Amino acid sequence: MPKPKLSVVVTRRLPEAVETRLSELFDVKLRDNDVPMSRNDLVAAMKSADVLIPTVTDEIDSTLIGQAGDRLKLIANYGAGVDHIDVSTARQRGILVSNTPGVLTDDTADMTMALMLAVLRRMPEGLTVMQSDAWDGWAPTAFLGGRVGGRRLGILGMGRIGQAVARRAAAFGMQVHYHNRRRLRPEIEDALEATYWESLDQMVARMDVVSVNCPATPSTFHLMNARRLKLMKPEAVLVNTSRGEVIDENALTRMLRAGEIAGAGLDVYERGAGVNPRLRALENVVLLPHMGSATREGRVEMGEKVIINIKTFDDGHRPPDQVVPSML
């Protein structure tokens, strides 16, 4: 007698190839639109399914997990970050959590470099002039930005993405520095030609560009707070493709408006889509709508990781990308 298919609920629309494969393997409930599930819908899904596939837009907190049904045994997150999931409470309830690490490393690192270039070379200003048909032609002093090569880059968080950023920055001729919870092994540090700073304060005070590439955890909330932002050089640039909560956005906005920091390139925000309107109005800021991992290839590979995690779990084994509290 064939084994019953796992009941799987997906909270957002996924690439067609991923949805098709999920439908082939599992008893899956897909979304008809791409509107985030309401909290009541999430509760209903967690009461009825064996597996939930949420995204970063779904807040799976302790209260929600407490309402999960006995059937729910796996939260297979579609994404690498799991700060929106209460992993500890899930573990207490006997619910496994998995994620999709690694597949978005290069895409996010590419976007980090793109933001650095956009801010330093004033690309949005040039684009605005061209789109408004206000360009009068080349001039020796028009749109003067800063050269990327030779600048000191300080990377906050030297995991997969931070190291990928370091490799790209080195190719642009930047001097790579980093601060991390744990120092890299000497051979990795040597390969990246990266200088380690035990003190984040000392590092940010000396950098021309600071790139935030650490996860959002209780210990990294507002890691770049008002005091630490004030340590940055007035001509420095801040880039964030990680999580918005790592930066005190109000303090950053005030300093950018006052000219105390030269510019910023942001792909993520402290309050999600609720971007500070004063931040939107600044010419020395490049804002993107959380596009760091937005490639067709990356999104499909994320789905493939989700499927492998669920299939491995269904076969009676530990998901290869299981997340446990000690990892956070």
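To start, this report covers the structure provided alongside it.

Rules used in this analysis
- Residues numbered from 1 in each chain as written.
- Predicted model: local features only at pLDDT ≥ 70, side-chain atom pairs only at ≥ 80, totals over all residues.
- Heavy atoms only, no water.
- Salt bridge = Lys/Arg side-chain N within 4 Å of Asp/Glu carboxyl O.
- Helix = DSSP H or I, 4+ residues; strand = E, 2+ residues; numbered from the N terminus.
- Buried < 20%, exposed > 50% of the residue type's maximum accessible area, 1.4 Å probe, protein only.
- 1 Å grid on protein atoms, 1.4 Å probe; cavity = no way out; pocket = protein on both sides within 12 Å on 5 of 7 lines; lining within 4 Å.
- Points joined across faces, edges and corners; volume = space filled by probe spheres on them.
- Nonpolar A, V, L, I, M, F, W, Y, C, P; charged D, E, K, R; others polar.

On inspection of all chains with the given rule, the structure shows 19 salt bridges. Residue Asp83 is joined to Arg243 by a salt bridge in which the shortest nitrogen-to-oxygen separation is 3.1 Å. Placement of the pair is Asp83 in the loop between strand E4 (74–76) and helix H4 (87–92) and Arg243 in the loop between strand E10 (237–240) and helix H11 (249–258), with a sequence separation of 160 residues. Residue Arg243 is classed as buried on the basis of its relative accessible area, which comes to 15%. Here Arg271 makes a salt bridge to Glu249, at a shortest N to O gap of 3.8 Å. Of this pair, Arg271 sits in the loop between strand E11 (263–266) and helix H12 (277–280) while Glu249 sits in helix H11; the two residues are 22 residues apart in sequence, bridging distant segments of the chain. For Glu249, a relative accessible area of 3% puts it in the buried group.

So, on to the layout of surface pockets. Its boundaries defined by the atoms lining it, the second largest pocket holds a volume of some 190 Å³. Along the walls of the second largest pocket sit 16 residues, with Val119, Leu120, Arg122, Ala262 and Gly263 positioned nearest its centre. When residues of the lining of the second largest pocket are traced back to their parent elements, those giving at least two are helix H5 (105–120), helix H6 (123–131) and strand E12 (285–287). When residues of the lining of the second largest pocket are assigned to their parent elements, the largest contribution, 3 residues, is made by H5. Each residue belonging to the lining of the second largest pocket can be placed in one class, and the counts come to 8 nonpolar, 3 polar and 5 charged.

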